[in-house]
Number of protein chains: 4
Amino acid sequence: MKIEQYQIDQHNDSLLSRHQKQLRYTNEQLGEQDIHAQGIINELAAFQVAIPSWALGTGGTRFGRFSGGGEPRSLEEKVEDVGLLHALNRSSGSISLHIPWDIPEQANSIISLATSLDLKFDAVNSNTFQDQKNQEQSYKFGSLSHVDPKVRKQAVEHNIEVIRYGKDLGSKALSIWLSDGSCFPGQSSFVKSFQYTLESLQEIYAALPDDWKVFVEYKAYEPNFYSTVIQDWGSSLLFCQKLGPKADVLVDLGHHLPNANIEQIVATLMMEGRLAGFHFNDSKYGDDDLTVGSIRPYMLFLIFVELVDGMKRAGKGSDGYAWMIDASHNVKDPLEDLLQSVEAILLAYAQALIVDRKKLEQARNENDVVLAQQILQNAFRTDVRPLVRESMRINGGCIDPIGLFRNLNVRSELMNERGKLTVATGL
Amino acid sequence: MKIEQYQIDQHNDSLLSRHQKQLRYTNEQLGEQDIHAQGIINELAAFQVAIPSWALGTGGTRFGRFSGGGEPRSLEEKVEDVGLLHALNRSSGSISLHIPWDIPEQANSIISLATSLDLKFDAVNSNTFQDQKNQEQSYKFGSLSHVDPKVRKQAVEHNIEVIRYGKDLGSKALSIWLSDGSCFPGQSSFVKSFQYTLESLQEIYAALPDDWKVFVEYKAYEPNFYSTVIQDWGSSLLFCQKLGPKADVLVDLGHHLPNANIEQIVATLMMEGRLAGFHFNDSKYGDDDLTVGSIRPYMLFLIFVELVDGMKRAGKGSDGYAWMIDASHNVKDPLEDLLQSVEAILLAYAQALIVDRKKLEQARNENDVVLAQQILQNAFRTDVRPLVRESMRINGGCIDPIGLFRNLNVRSELMNERGKLTVATGL
Amino acid sequence: MKIEQYQIDQHNDSLLSRHQKQLRYTNEQLGEQDIHAQGIINELAAFQVAIPSWALGTGGTRFGRFSGGGEPRSLEEKVEDVGLLHALNRSSGSISLHIPWDIPEQANSIISLATSLDLKFDAVNSNTFQDQKNQEQSYKFGSLSHVDPKVRKQAVEHNIEVIRYGKDLGSKALSIWLSDGSCFPGQSSFVKSFQYTLESLQEIYAALPDDWKVFVEYKAYEPNFYSTVIQDWGSSLLFCQKLGPKADVLVDLGHHLPNANIEQIVATLMMEGRLAGFHFNDSKYGDDDLTVGSIRPYMLFLIFVELVDGMKRAGKGSDGYAWMIDASHNVKDPLEDLLQSVEAILLAYAQALIVDRKKLEQARNENDVVLAQQILQNAFRTDVRPLVRESMRINGGCIDPIGLFRNLNVRSELMNERGKLTVATGL
Amino acid sequence: MKIEQYQIDQHNDSLLSRHQKQLRYTNEQLGEQDIHAQGIINELAAFQVAIPSWALGTGGTRFGRFSGGGEPRSLEEKVEDVGLLHALNRSSGSISLHIPWDIPEQANSIISLATSLDLKFDAVNSNTFQDQKNQEQSYKFGSLSHVDPKVRKQAVEHNIEVIRYGKDLGSKALSIWLSDGSCFPGQSSFVKSFQYTLESLQEIYAALPDDWKVFVEYKAYEPNFYSTVIQDWGSSLLFCQKLGPKADVLVDLGHHLPNANIEQIVATLMMEGRLAGFHFNDSKYGDDDLTVGSIRPYMLFLIFVELVDGMKRAGKGSDGYAWMIDASHNVKDPLEDLLQSVEAILLAYAQALIVDRKKLEQARNENDVVLAQQILQNAFRTDVRPLVRESMRINGGCIDPIGLFRNLNVRSELMNERGKLTVATGL
């Protein structure tokens, strides 16, 4: 299925007058605060969020999975799904592949498909947290950190293979989430696990093309429930320091201990020039992988306040970082869920962009805590939806992506095409 | 110091045209969703939040306290401070006293003062978590739950005395926060502590006037760091069930374990007809007692979604519950902080009032999770500040309470009147 | 495979002299504190922990599962596995079935098998958290709490069917873990979910045989990540109060929010006469389902301190409650893991039994916190392993169950019998 | 008051035969595992834990403080109190001073007093989390990180002054706990706060004598409840890396987010050669500052397992690190509480020393998780109290320090000497 531009245009036309009225009001209100709305709309329009290939099907938990229907059956269909999203919101212009779930047998044809949908290939992801059929060594007790050098070798080679696939597709980064760790006190040596992992990462690092980066993700717990080798940003940073300038830290919002101040971590990593980018999602308890912004939208805004600040300091645009959604769609249509997540990201970005930085700095310099809070809340409480809608519209996308998705019965079309019982590879 | 109506009027006049433009837009936008803004403004105008007498001075932690200046030196000055707040926002029309910090020596003169400022007396609070000078029995090891009947007797009598003070002032409820518990495993018997507390509460309950309520607060921990006798809503409810219909559960937002779903607790208590009301504040780690809405504004909104629902089900207005702020103003001017808190409460209430309940119910009945989320977020993302400002304005308050507070230099006036080094009683 | 008594006897003989020396020393040491070791050994010998049928295979997470080998392929083989455990430790004398994973096609033959292994059938467990093949209604959006009465009906009937299976086997209780809840704010109405669940439970309750109980389990989160209908002990208790005297609360150690004081919950439930029993496991982060006692052994001890106290108050023995292990064996041999769990439970029970209750009460009455802590720690620091070993030995079990399990190469025998790639039903 | 050696000897004599019997048994049992008990006793005897000068009085919370009696009124009396502890357990041979609470007016006389009690001066602690009377600049909004250079200068100079006091006493380290941070989003710039702090620390670092160290402590939250400048070990390490080789990370057990794996942090810091030492305490919820080992003794043991490992790897003895207790004695006699803490530390150390490292490494190399757990638990479940008692005895201390403390009525003696209402400086 493909969404045609005329369908988007018709949809937009029907909403245009209302949208323009809201936009006009928003522009005026911001103008009175000396904020130039068009500049912000342009920044929003430039912001692109990658979609992971494994998030296009229904997710599940260890207790089960309730499939939807019309899930993509192949890499091609996954690319098509991302194409649908991007056609609707023009903000999802890249796809992040997961090897071995999505091995591109013929790179060229996949690249043409993607190009035809205006999609690029973002970071490629390796997988050493599961055993694949006929795999020689098992990752039951670890991969890059395993006590047995044969297992480490296999895991290193897998990562190097993933780089090869990525090169063919035009990716520029390898993203490593290492689930290695232990379930019980005593099970493994923290120090040896660190050292083995470092050696393994160094071999992978050596295989990186010159213009590539490696992203080192951290996670406090799960699937290991006592310790994780790369347990927090401090560990990730330590590995990156030892690896070299091509290694940066990847932040997944759900990978922290309860109550962590993630925005401070982000600020620190940017200060050190070591922020690779994000895996966006939201959560209430653990790595719940919920829709972005569905639980703690103010925290998401605060993170973007730091991102905007850090990008300005670094003199980099939003294309200097890797933004991706990493969520699990257990009870929602995956495509609708992703549209909600992208919208939430753009809203937080828009709110962060309208923060009055000068006043904020002044308030901070005077320790005027009341005013500093008010400045942030003023931005957060502003209804910036017209800006986000406009940013999609001027890029050729929809004013109301989910609305059109439903009007066009996209999901039933996909079920007709693919069947009601298809199950996408992934978690 | 007193703020005159003409000062408020002048202030409002200067902001009026901008306010009216925003209000008109908001009304229109809501109107298109079939929401009648004026009705909501009226509900907001009727919502009154009590100010606790102990929150008018600078707060502190066990590590220290950095006083501001001009803190109220007497009960009269505390009432005056609340009067200032209420003059500004017309939403803080009552004061909640804490005995023995605020013993009203002459009830009549205090009542006249309060009446002159349009203030009422909300629930009275007892204190058995500190020893007062010359107190016979010590509360070091508990009060209502103490193993020694003499201590329990003293604590019961103190509570009954608090009721007496409250009767004189026109209060209608006794609010009990019992800090009793233990710091170490083994220190006390959970069951005996419960039973002693129950007996003590029953004696207090017996002394309640017919038209009074007793509010039983719970708290997970602090100042006891191993166990607390009334540790959670389940414990509070159990006590209330055993006491009788005049006992209800009081929810303090900061008194839960990490990640608790407080809105569900609120819904359950309202379902059982046992919600007394709230102590509002916000927190990131523990009972941080921060400004309401400063950390988790979406959660505050979700709580109000339940409150609006529950009030409708119960056929009660917002005056059927006890709303109070209970925060600690460590780094902000206490009065400005309270104005920010009241504003945050009214914003959350306003957002909850514009939730499209019919559509929400329909979405729930169809398990349309995407839509259900969108309905809530649509309300939350709407800029309802014009509604809140209007609700204050039509009550005779300010469009921008903090703005006028600063314009009038209220704090320096108070410092002139009271001195720079005054320290209010309280925490 | 079956373990013969002579094998156990030979094994014990080889360890006997060392064991007896240790036991003699322990008895002496306890004797000096006026504690009669034999009485404690007898209590330990009487303590039986049920093994759930779903914990006999390798467990996994949403990220994958690394099977071991020789996992039971049928209900018969599951019963045999429990028989092996019970032969080794004589403390695992019952099995708890999970329907529909373990439907006993012919009750009689399963009962004979169990009887031949000296096993009974503990509580039966229903499952409405997964869809089974060809199931008419889906539980994707709930079961007993579903907005659609047809789904609720199906879920109620499933529970009643489970009771029927249980009756055939001689079970006396239905254990309900209801995973129903919501993943996103707005998704469902807390109050309606509660009410629907209550109605459903009432229908199930009505179908309970006279001498049966229903156990109502609670869980803070997972697999739903925003709310759970029965989220905490307070909710469970509320349901039980509304249901009647045959409904009790089941505590799973992993089902709480961070830092919860579980021992206090246990004490309160026993005080109310509403403790059904336990699902034992351990955890560091969430419902990690780790080996009992592997993370927080002191907390386990404190829970047993309350259990011993509560049983005495209630005049009931340990057979008056339902004890079960509910863990997930992701990186250990399931049978060895279960042996470690049972051992940890018995050790905690033994430690709790040697607490000097009289002295403790006196210390509490004098608020001698130092001494109260010392009394508990004195018990906890005592090496009670000889008592636990003796309790198994006098029952006909092993002094070192895991030792014999390994000596006899039980796992390789099972792999020979059943194959290396068998996967047991369950999570 | 002073405890005489003959009093200790008499006390030991009365317990000797029982102690020797237990010791003999323990030695035998360990001997059968090829563990040489005497070596372990010697290691224990060499382990010295510093006592902080601020922990000798009753502690409190923001809600109040319930003083005991006989609290030390001067630095001399604080030294005497530590002398009493050290006389009893011979494991508390140093004192850690807090400036400005304990300014040694005349270093020489304090040194003689300490020497006469066999005490040394451990790390000195600065305080910029409180304002002192007549202090020019306030620390309300920070100290080393303050936006105002005048405040930072004052804080830097205070730290340099603390070094001066320490030099006079023979200390070799400055310990910095920086409470700086923010209470509200927006209040301060994370990056500027970090940079200002770094500059301030560099000035302090420059003033360190050649043979000194500076310890950089971290804390997740409290007294600031939104962010803390040095929030976690990763931040501390980053500061230390930027400062130089004389800066190490200090770990306080209570300064982490819920569920943190502290033992892994310790292992990582030791691997990096950056562990300064410890502030020991225990906690259930936050920085509860409870008696060491009173809540999570198994975690304490696991930390010592890493410490023993790391010391061996580094070729350092226990005197190569700074060990201190940092607890708050709210409901116990401070001296008894400290005796319990020291005992708990030594027990954990003893348990860690008897872990069979060779077998553990082998189990790890074979991924024998069951065995690895068993090896740790075997050590933890062993009753090592006789070893700890013997280590105190051979050093000239008591077999039962708290027992003798009570027999000699130390507290009432102190109350007689000092009065019942004395309150020590400190928190």
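The structure this text deals with has already been given above.
Overview of the structure. (Residues numbered from 1 in each chain as written. Chains lettered and ligands numbered in written order. Predicted model: local features only at pLDDT ≥ 70, side-chain atom pairs only at ≥ 80, totals over all residues. Heavy atoms only, no water.)

## Some thoughts on the overall build of chain A
- Scanning chain A for helices and strands turns up 15 helices and 13 strands.
- A compact globule built from 427 residues should have a C-alpha radius of gyration of about 22 Å, and chain A, at 22 Å, falls within 12% of that.
- For chain A, the spread of C-alpha atoms along the principal axes amounts to about 65 × 60 × 40 Å.
- Here chain A holds 427 residues, and 70% of them are scored as buried.
- The long-range fraction of contacts in chain A, counting pairs at least 24 apart against all pairs at least 6 apart in sequence, stands at 80%.
- Here chain A displays about 14000 Å² of accessible surface, and carbon together with sulfur accounts for 47% of that area.
- The distance from the centre of the 42 positive side-chain charges to the centre of the 55 negative ones in chain A is 1 Å. (Helix = DSSP H or I, 4+ residues; strand = E, 2+ residues; numbered from the N terminus. Rg over C-alpha atoms; globule rule 2.2 N^0.38 Å. Buried < 20%, exposed > 50% of the residue type's maximum accessible area, 1.4 Å probe, protein only. Contact = heavy atoms within 4.5 Å. Areas by Shrake-Rupley, 256 points an atom, 1.4 Å probe, with all protein chains shown as cover. Lys, Arg positive; Asp, Glu negative; His and termini not counted. Charge placed at Lys NZ, Arg CZ, Asp CG, Glu CD.)

## Details of the packing of helix α12 (residues 369–381) of chain A against helix α10 (residues 334–353) of chain B
- Put simply, α12(A) and α10(B) touch, their axes get as near as 11 Å, and they point 15° apart. The angle between α12(A) and α10(B) places the two elements in the roughly parallel class. For α12(A) against α10(B), the interelement crossing comes out left-handed. Across from A:V370, A:Q373, A:Q374 and A:R381 in α12(A), the residues of α10(B) making contact are B:E336, B:Q340, B:E343, B:A344 and B:L347.
- Here the contact of α12(A) with α10(B) is composed, by residue class, of 3 nonpolar, 3 polar and 3 charged. (Axes fitted to C-alpha atoms, helices over the stretch in contact; angles between N-to-C directions. Parallel < 35°, antiparallel > 145°, perpendicular 65-115°, else oblique. Left-handed = near helix turned anticlockwise from the far one by under 90°. Nonpolar A, V, L, I, M, F, W, Y, C, P; charged D, E, K, R; others polar.)

## Thoughts on the interface of chain D and chain C
- Tallying the contact residues gives 42 residues for chain D and 42 residues for chain C.
- Summing the contributions of chain D and of chain C, the shared interface buries around 3800 Å²; its carbon and sulfur component is 44%.
- For the pair chain D and chain C, the interface holds 8 salt bridges.
- When contributions to the side of chain D that touches chain C are tallied by element, the ones reaching two or more residues are α1 (5–32), α9 (297–314), α10 (334–353), α12 (369–381) and α14 (401–407) of chain D.
- Per-element accounting of the side of chain D that touches chain C gives the leading share, 9 residues, to α12(D). (Buried area = accessible area lost by both parts, 1.4 Å probe. Salt bridge = Lys/Arg side-chain N within 4 Å of Asp/Glu carboxyl O.)

## Focus: helix α8 (residues 262–271) of chain D
Residue and element names in this part refer to chain D.
- Counting buried residues in α8 gives 10 out of 10 residues, a clear majority hidden from the surface.
- Of the positions making up α8, those classed as buried are I262, E263, Q264, I265, V266, A267, T268, L269, M270 and M271.
- For α8, the capping residue at the N-terminal end is N261, with a side-chain oxygen 3.4 Å from the backbone nitrogen of E263. (Polar contact = N/O pair within 3.5 Å; in protein donor to acceptor, adjacent residues only side chain to side chain.)

## With respect to unusual backbone geometry
- Cis geometry is adopted by the peptide bond preceding B:P223, which originates at B:E222 and carries an omega value of 10°.
- Structurally, the position occupied by B:P223 is in the loop between β9 (213–217) and β10 (227–228).
- In this model, C:I99 is joined to C:P100 through a cis peptide bond whose omega is 20°.
- Looking at the element boundaries, C:P100 is found in the loop between β4 (94–96) and α4 (107–116).
- Unlike most non-glycine residues, B:D34 shows phi in positive territory, near 65°.

## Considering the pattern of salt bridges
- Throughout the structure, instances matching the rule amount to 116 salt bridges over all chains.
- Linking A:D102 and A:K78 is a salt bridge whose minimum nitrogen-to-oxygen distance equals 2.5 Å. Placement of A:D102 in the loop between β4 (94–96) and α4 (107–116) and of A:K78 in helix α3 (residues 75–89) is noted, with a sequence separation of 24 residues between them. Like A:D102, the residue A:K78 is buried in the burial classification.
- Residue A:K219 is joined to A:E222 by a salt bridge in which the shortest nitrogen-to-oxygen separation is 2.8 Å.
- You can call A:K219 buried: its relative accessible area is 2%.
- Connected via shared salt-bridge partners are A:R62, C:K219, C:E222, C:D287 and C:D289.

## Examining the interface of chain A and chain D
- Contact with chain A, which involves 52 residues of that partner, is made by 52 residues of chain D.
- Surface buried jointly by chain A and chain D totals about 4400 Å² across both partners, of which 59% is contributed by carbon and sulfur atoms.
- Put simply, A:E272 and D:K242 hold a salt bridge, and the shortest N to O gap is 2.8 Å.
- Applying the counting rule to chain A against chain D returns 16 residue pairs in polar contact (both at pLDDT 80 or more).
- Broken down by secondary-structure element, the contributors of at least two residues to the side of chain A that touches chain D are α6 (190–206), β10 (227–228), α7 (233–243), α8 (262–271), α9 (297–314), α11 (357–365) and α12 of chain A.
- Sorting elements by how many residues they give to the side of chain A that touches chain D places α7(A) first, with 7 residues.
- In terms of residue class, the side of chain A that touches chain D is built from 24 nonpolar, 19 polar and 9 charged.

## Describing the environment of C:K167
All names here are of chain C.
- With respect to the element layout, K167 can be found in helix α5 (residues 149–169).
- Sequence separation between K167 and R24 is 143 residues, and the spatial gap between their C-alpha atoms is 45 Å.
- The contacts of K167, once residues within four sequence positions are left out, are P209 and W212.

## Focus: the relation of the copies chain D and chain C
- Overlaying chain D with chain C gives an RMSD of 0.0 Å, the required rotation being 180° about an axis along which the chain moves by 0.0 Å. Here the symmetry operator amounts to a two-fold rotation axis. Using C-alpha coordinates, one finds that chain D approaches the rotation axis most closely at D:D383, a distance of 2.7 Å.
- The overlap is high: 100% of the interface residues of chain D also sit at the interface in chain C, so the same surface is used on both sides. (Least-squares fit on C-alpha atoms with pLDDT ≥ 70 in both.)

## What to know about the packing of α9(D) against α12(D)
Residues and elements named next belong to chain D.
- At their nearest, the axes of α9 and α12 sit 11 Å apart, and the two run at 115° to each other. The angle between the axes of α9 and α12 places the two elements in the roughly perpendicular class. Crossing angle aside, the handedness with which α9 passes α12 is right-handed. Contacts between α9 and α12 involve P297, Y298, F301, L302 and V305 on the former and, on the latter, L376, Q377, A379 and F380.
- Taken together, the residues of the contact of α9 with α12 break down into 8 nonpolar, 1 polar and no charged.

## Here's the deal with α9(A)
Residue and element names in this part refer to chain A.
- Compared with an ideal rise of 1.5 Å per residue, which puts 18 residues at 26 Å, α9 spans 25 Å between its outermost C-alpha atoms and is within 8% of the ideal.
- With respect to burial, α9 is a largely interior element, 14 of its 18 residues being buried.
- Trailing α9 by a residue or two, G315 shows a phi angle of about 65°, which is positive. (Expected span 1.5 Å × (residues − 1).)

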